[in-house]
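Topology and contacts: notes
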Amino acid sequence: ATCAEVHESLVYDLCWHVFEKRQEGIAAPPLLISCGGDGRMLIHEVPEDLVPVPGLGAPRLKLHARVTLPNHVYSARPYLALSSDPRCLVMVAGHKGGVSLCQVSRELKIADSGFGSSWVAYTPQTVQVPFQAVRPAQGASQPDVLCVRFSTQANSLDNVYVSDDAGHLLLFQMRNDVSAGVSASLVRSYASSELTGTAIHSFEIVTKQLLQGRRITSVQASMSDDWALLFARDHTIRLASLQRGVLKVEQKMLGLESGSYPVRGTLSPDGAYVACGSETGELLFWTSKDGKPVMPPGVPQVRLAGPLMDTIWSDRHHLIACCALDGSALPLLAFVGEAKAEKTRETQEDAIPHRPPPLTASAPEVRQQAELSALAISGISTAIDSDYKRWADNWINSNENPRSAIALEEKRRIKENILLNILDKKGVEEAQSHLATARTLPGPM
């Protein structure tokens, strides 16, 4: 799908929001929220049934609301405590010059016919959060807030953290007063001498992952407000604990380049690994325990033509995705992890008795059979093309795009699997054909 309205400048941040509650028994569609350098936040509805637009092909997401702020909007996140009911959406936005609160009131409209309904958004209300400067040299000026994230701990869901362009993390506490409405107040700021003057362009609050994966103890968690994974423009990723105004760096991950582009990464759901891109186009991995790099073949080997800007790890599946900034690079790569088989070879052969052995250099007859099947199914006549073996060998071993994100050995393995799958499919089709023929034959008299 495409969005009904687009930003007129760079898109700095994206996030989803799903309403937990229902209104009149009707669930509200999820929302896609984007932040841009044009000073706007665009909120699009994502319905379950995406209908293509005649003449345009791809479905269009409906623009639900448009929030305008004074300048570049770098990041925004919904305040879940007040955004579970679909009648109200409250967001915290970080932008050039500070932090703002945005409230969008909504109403469910039932169609005049009585069939169907839609959510209508009223004019958004915004207010900038006042707070004293954390940089005395700049007087009353406020910093540029580059990233916004809420705490994930059950007892501190009202805590929102923001990072600025001078190496600080700031903690705000959200409040909802009946008379004054929604507000936020600065509680404290966190600083480290090694980050002074360095922009923290992104961070993630990772206390929950570290506790679930037993990477930290409950005692360690109680001694700090939260734990954060910091991405700064000094070629270093930091795992830090936020301790009452002190940003204590617990572990560092080195080896990436991030001085010019705001590359950002992710922590695995069990808190064991950190993954992040680099300006070199590489996808890098480290262990969170000691900060040591993890090398292929244990992790994907990726090197794209342009800076690898963002990496995300699914919290429900063994899935990781990354994207690059370059005209000739793949826009998005996704990798799925596979659990190592623990069955013995005999058990595997018993479970799949008719599956041919894997394609390897030591099984030329299997390779030849797969090549014949591939040629036949693809419409290439082996009688006409007597050079089919050379064609298959050239295809498997070719490397048409040396700048590809996939290594040559991985390409060979993928191509061999393609031929093997074609062979399997052909075998199943032939067996079904024989079975159908047998069923049509007359039985014994």
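Coordinates for the structure precede this section.
Residues numbered from 1 in each chain as written. Predicted model: local features only at pLDDT ≥ 70, side-chain atom pairs only at ≥ 80, totals over all residues. Heavy atoms only, no water.

**A few points about unusual backbone geometry**
Our working definition: Elements are defined by DSSP. Helices are runs of H or I of four residues or more, strands are runs of E of two residues or more, and each kind is numbered from the N terminus.
A cis geometry characterises the amide bond from proline 296 onward to proline 297, with omega recorded as 10 degrees. Tracing the sequence through the fold places proline 297 in the loop between strand S22 (293-294) and strand S23 (308-313). Phi is positive for arginine 214, which is not a glycine, with a value near 55 degrees. Considering the arrangement of structural elements, one finds arginine 214 in the loop between helix H1 (207-212) and helix H2 (218-222). We note that arginine 244 has phi near 45 degrees; this positive angle belongs to a residue other than glycine. Examined against the element boundaries, arginine 244 turns out to sit in the loop between strand S17 (237-243) and strand S18 (246-253).

**Examining the sheet that holds S22**
The condition that has to hold: One bridge is not enough; two strands pair if DSSP finds at least two bridges between them.
Pairing in this open sheet of 4 strands is antiparallel, and the strands run S19-S20-S21-S22 from one edge to the other. At either margin of the open sheet sits one strand with a lone partner, and together these are strand S19 (265-267) and S22.

**Here's the deal with the sheet that holds strand S14 (residues 181-190)**
For clarity, the cut-off: Lines fitted to the C-alpha atoms define the axes, with helices restricted to the stretch that makes contact. Angles between their N-to-C directions range from 0 to 180 degrees.
One open sheet holds the 4 strands; their spatial order is S11-S12-S13-S14, and the pairing between them is antiparallel. The strands lining the two open edges of the sheet, one partner per strand, are strand S11 (145-150) and S14. Looking at each pair of strands side by side, their axes are set apart by 25 degrees on average, direction ignored.

**Structural notes on the pattern of salt bridges**
Any two side chains of opposite charge can pair, given that their charged atoms come close. What counts here: A pairing counts as a salt bridge when a side-chain nitrogen of Lys or Arg comes within 4 Å of a carboxyl oxygen of Asp or Glu. Buried, partly exposed and exposed residues are distinguished by accessible area as a fraction of the type maximum, computed with a 1.4 Å probe on protein chains only: under 20%, between the cut-offs, and over 50%, respectively.
Under the definition given, this model contains 17 salt bridges. For lysine 109, the salt bridge identified is with glutamate 107, shortest N-O distance 3.7 Å. Taking relative accessible area as the criterion, lysine 109 reaches 39% and is therefore assigned partly exposed. For arginine 264, the salt bridge goes to aspartate 310, with nearest N and O atoms at 3.0 Å. Of this pair, arginine 264 sits in the loop between S18 and S19 while aspartate 310 is found in strand S23, placing the two residues 46 residues apart along the sequence. Through salt bridges that share partners, Glu5, Asp38, Arg40 and Arg66 make up one connected network.

**Overview of the side chain of serine 224**
The cut-off we apply is this: The term polar contact refers here to a pair of N or O atoms within 3.5 Å; inside protein, the definition further demands a hydrogen-donor-capable atom paired with an acceptor-capable atom, and it admits residues adjacent in sequence only when both atoms are side-chain atoms. In this description, contact between two residues means that some pair of their heavy atoms is separated by no more than 4.5 Å.
Relative to the helices and strands, serine 224 is located in the loop between H2 and strand S16 (226-232). Looking at serine 224, its side chain comes within polar contact range of the side chain of tryptophan 227, at 3.2 Å. Those residues within four positions of serine 224 in sequence are excluded, and the remaining contacts are Ser241, Leu242, Gln243 and Arg244.

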